Amino acid sequence: MSTITSTNNKMRNTQPKRVSIAGIDAALRGQWSEFHQDVAGGHTVMRACMSNLIIYCDTKDEAILIGKEIPIIVDIHPARVLLLIGNGQPKKGNTESNVSIYYTELNEGWQVCAERIDAIVTSEAVDRLPSIARSHLIGDLPITLWWASRLPPPDAGDIFFQLAELANQIIYDNMGWANPAKGVASMTRWVASQQDVKVVHNLAWRRVADWRKLISQVLDPQAAPDALNSLNLIEIEHGPHALAMTWMLVGWLASRLQWKAVDGKRLSDSELVWRFQHQQKEIKVIAKRRPAGDPLLYQLLFDWSRADRPGRICFERLDHDRIGIVEALSTIPPRVFSAQIPSRSNLISAQLAHRTREKIFEDALKASNAMSAVFQK
C-alpha cells in the first residue's frame, strides 16, 4: 500500500503515484484496490463525488500551492480533480501524470472525497491537456474549470477556449493581472459571447462581498439619506496586486448607481483616478496602492459633503476579521463589523455548488469594461 499522508486534521491521501498518461485509469484502479485491502479493513468505504473540477495552472510552483488547497476544497465539495500543469517539468518525455486518492474517516468507515489526477506537460505539449482532461472526466457530473493562470483567460488562447468548452462553469481570478484594463476588456467580451450558456465567476467578486454588503447597509438611503445621491468623491487604498479587485468594486458601484464613466488616467505608478457622471453631477474615484501589504482593500472613504453640511464615512480593515468606521474621518458614528478575509480554497469550494449566472456580477463586469474603455493609457 502506498504511504498515507495526513493533509489536514481530517483529510488523508494516498502517496501520489507517477504514471504515464496512458496509465492513469489503471493506476486509479490500483489505488482503489490497495485502499480497500489496506485501509478499509472491512469497514464501509463511501465514494462521494459531486462534480468534476479541472484546474489549469502555468507552473510547478503554482501547482504546489494549489495542491495544498485541494484537501480543503474536496472536504467541502467532493470531486474528481484534474490538475493540469502547462510549462511543467516531467521527469521523462513531454508528459507524465500523478494519481492519488483523498479520504476522510467516518464513524464506521471511510469516505473518499477525491480522485486527483495531475497531468504535467511541457510548453510544447500543452495542447494535449484538453484531450487528457476530456478522457478522464466522470460522465453525468457537472464540470467546473478553475482557471488558476495569471493570464486573463481569453488571452491564453486555445488552451483556455478548449478547456472552457468542456465546462459548465468557469472560475477565474483577476488578482495580479499585469494589465487589468486589457484583461477586463477581453474577459467582458468573452462572457458576453456565452449568452447564458456557462456560469462565469470571478473570485474578486466574492473577495469584495463584505465591502459590498457594508456599503449597501451603511449608505442605504434609510440609514444615510442623500449620501449616495450626493456622492462626489471616493478614495480607495489597496495593497499590491489588488487593483483589479478595486476595479471590480468601482464597477459594481457604477452599475448599481447608474454612473457613466467619463475618463480615467494614471496619476502615478501607484495612483489612478476616474471621473463618472450621473444626473449632471461628477463623481471622482481615486485608487491608491500602498507600497506594501497583502492584496486587499484597506480603506474606503466616501464623501458627499456640501458647502453647508459635511458628510463622509471612512471604512478601514482593522485586521483579518474586522472592518471598522474611522471616527476621525467620518460623520457617521463609529462601528465595527465582522468581515473575515476568505481563503482562496474556501472561495472555490463555495462557488462550486452554484449553477446559475449572476446578473449583478455581469453588470459590474460591463461597467468595469466601460471604465477600461475611457482609461487613458
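A. Inspection of the overall build of the chain at higher detail. Within the chain, the regular secondary structure consists of 10 helices and 20 strands. Projected onto its principal axes, the C-alpha positions of the chain cover 80 × 45 × 35 Å. Out of the 377 residues in the chain, the part that is buried amounts to 54%. Considering only contacts in the chain between residues 6 or more positions apart, those separated by 24 or more positions represent 71%. For the chain, the accessible area works out to roughly 17,600 Å², and carbon and sulfur atoms hold 47% of it.

B. Expanded view of the packing of aromatic side chains. Taken as a whole, this structure holds 12 aromatic pairs when the rule is applied. On the basis of an interplanar angle of 65° and a centroid distance of 5.0 Å, the ring pair of Phe160 and Trp190 is categorised as edge-to-face. Taken together, the residues span a long stretch of sequence, with Phe160 in helix α4 (residues 158-166) and Trp190 in helix α5 (residues 180-194) at a distance of 30 residues. Each member of the pair, Phe160 as well as Trp190, carries the same accessibility label: buried. Seen from their ring centres, Tyr172 and Trp177 are 5.9 Å apart, and the 15° between their planes marks the pair as stacked. The class for Tyr172 is buried, based on a relative accessible area of 1%.

C. Molecular detail of the pattern of salt bridges. Scanning the model with the defined rule gives 14 salt bridges in all. Notably, a salt bridge pairs Arg47 with Glu115, separated by 2.9 Å at the nearest N-O pair. With a gap of 68 residues between them, Arg47 in strand β4 (residues 44-47) and Glu115 in strand β8 (residues 109-121) connect regions that are remote in the sequence. Residue class for Arg47 comes out partly exposed when judged on its relative accessible area of 44%. Between Arg275 and Glu282 there is a salt bridge whose closest N-O contact spans 2.7 Å.

D. The pairing of strand β16 (residues 297-303), seen in detail. Of all 7 residues making up β16, 7 are buried, and the element is well covered by its neighbours. Bridge count between strand β12 (residues 233-238) and β16: 6 bridges; the pairing is antiparallel. Each bridged residue has a counterpart across the sheet, and for Ile234 the counterpart in β16 is Phe302. Looking at chain direction, β16 and strand β17 (residues 312-317) are connected through 5 bridges and run antiparallel. Its bridge partner being in β17, Phe302 is matched across the sheet by Ile313.

E. Quick look at the pairing of strand β10 (residues 169-172). Of the two faces of β10, the one lined by Gln169 and Ile171 and the one lined by Ile170 and Tyr172 are each fully buried. Chirality of the crossover, the property in question, places the unit of strand β9 (residues 143-147), α4 and β10 among those that are right-handed. Bridge analysis of β10 against strand β11 (residues 199-202) gives 4 bridges, and the strand direction is parallel. For Ile171, the partnering residue across the bridge sits in β11 and is His201.

F. Representation of the nonpolar core. Residues Ile54, Leu163, Trp259, Phe276, Phe302 and Phe315 are the most contacted members of the largest nonpolar core, which totals 86 residues. Of all the elements, helix α8 (residues 243-257) adds the most residues to this core, at 10 residues. Setting aside its immediate chain neighbours within four residues, Phe276 contacts Val250, Ala254, Trp259, Lys260, Ala261, Val262, Lys281, Glu282, Ile283, Val285 and Met371.

G. Region of interest: helix α2 (residues 60-76). Taking 1.5 Å per residue, 17 residues should reach 24 Å; α2 reaches 25 Å between its end C-alpha atoms and fits that length. The sharpest bend along α2 reaches about 35° and sits at Glu69, with the proline Pro71 one to four residues further on. Those residues of α2 that fall on the buried side of the exposure criterion are Glu62, Ala63, Ile66, Gly67, Glu69, Ile70, Pro71, Ile73 and Val74.

H. Summary view of the packing of α2 against helix α9 (residues 344-352). Their axes nearest at 9 Å, the elements α2 and α9 cross at an angle of 40°. Classified by the angle between their axes, α2 and α9 sit oblique to one another. Along this stretch, α2 crosses α9, giving a crossing that reads as right-handed. On α9, the residues that touch Ile66, Glu69, Ile72, Ile73 and Ile76 of α2 are Arg344, Ser345, Asn346, Ile348, Ser349 and Leu352. Residue composition of the contact of α2 with α9, by class: 6 nonpolar, 3 polar and 2 charged.

I. How the structure looks around unusual backbone geometry. We note that Asn87 has phi near 55°; this positive angle belongs to a residue other than glycine. Of note, Asn87 is situated in the loop between β6 (79-85) and β7 (95-106). On the basis of relative accessible area, Asn87 is assigned to the partly exposed category, the value being 42%. Positive phi outside glycine occurs at Gln258, with the angle close to 60°. Mapped onto the fold, Gln258 is located in the loop between α8 and β13 (260-268).

J. Inspection of the side chain of Ser186 at higher detail. Among the structural elements, Ser186 can be located in helix α5. Residue classification places Ser186 among the buried residues on the basis of a relative accessible area of 7%. For Ser186, the side chain forms a polar contact with the main-chain oxygen of Gly183, separated by 3.1 Å. Sequence-distant contacts of Ser186, defined by excluding residues within four places in its chain, comprise Pro152, Pro154 and Asp155.

Definitions and limits used
- Residues numbered from 1 in each chain as written.
- Predicted model: local features only at pLDDT ≥ 70, side-chain atom pairs only at ≥ 80, totals over all residues.
- Heavy atoms only, no water.
- Helix = DSSP H or I, 4+ residues; strand = E, 2+ residues; numbered from the N terminus.
- Buried < 20%, exposed > 50% of the residue type's maximum accessible area, 1.4 Å probe, protein only.
- Contact = heavy atoms within 4.5 Å.
- Areas by Shrake-Rupley, 256 points an atom, 1.4 Å probe, with all protein chains shown as cover.
- Phe/Tyr/Trp six-rings, centres within 6.5 Å; stacked < 30°, edge-to-face > 60°.
- Salt bridge = Lys/Arg side-chain N within 4 Å of Asp/Glu carboxyl O.
- Pairing = 2+ DSSP bridges.
- Right-handed = clockwise from strand over helix to strand, strands pointing away.
- Core = buried A, V, L, I, M, F, W, Y, C linked by side-chain atoms within 4.5 Å.
- Expected span 1.5 Å × (residues − 1).
- Bend = angle between axes of the 7 residues up to and from the residue.
- Axes fitted to C-alpha atoms, helices over the stretch in contact; angles between N-to-C directions.
- Parallel < 35°, antiparallel > 145°, perpendicular 65-115°, else oblique.
- Left-handed = near helix turned anticlockwise from the far one by under 90°.
- Nonpolar A, V, L, I, M, F, W, Y, C, P; charged D, E, K, R; others polar.
- Polar contact = N/O pair within 3.5 Å; in protein donor to acceptor, adjacent residues only side chain to side chain.

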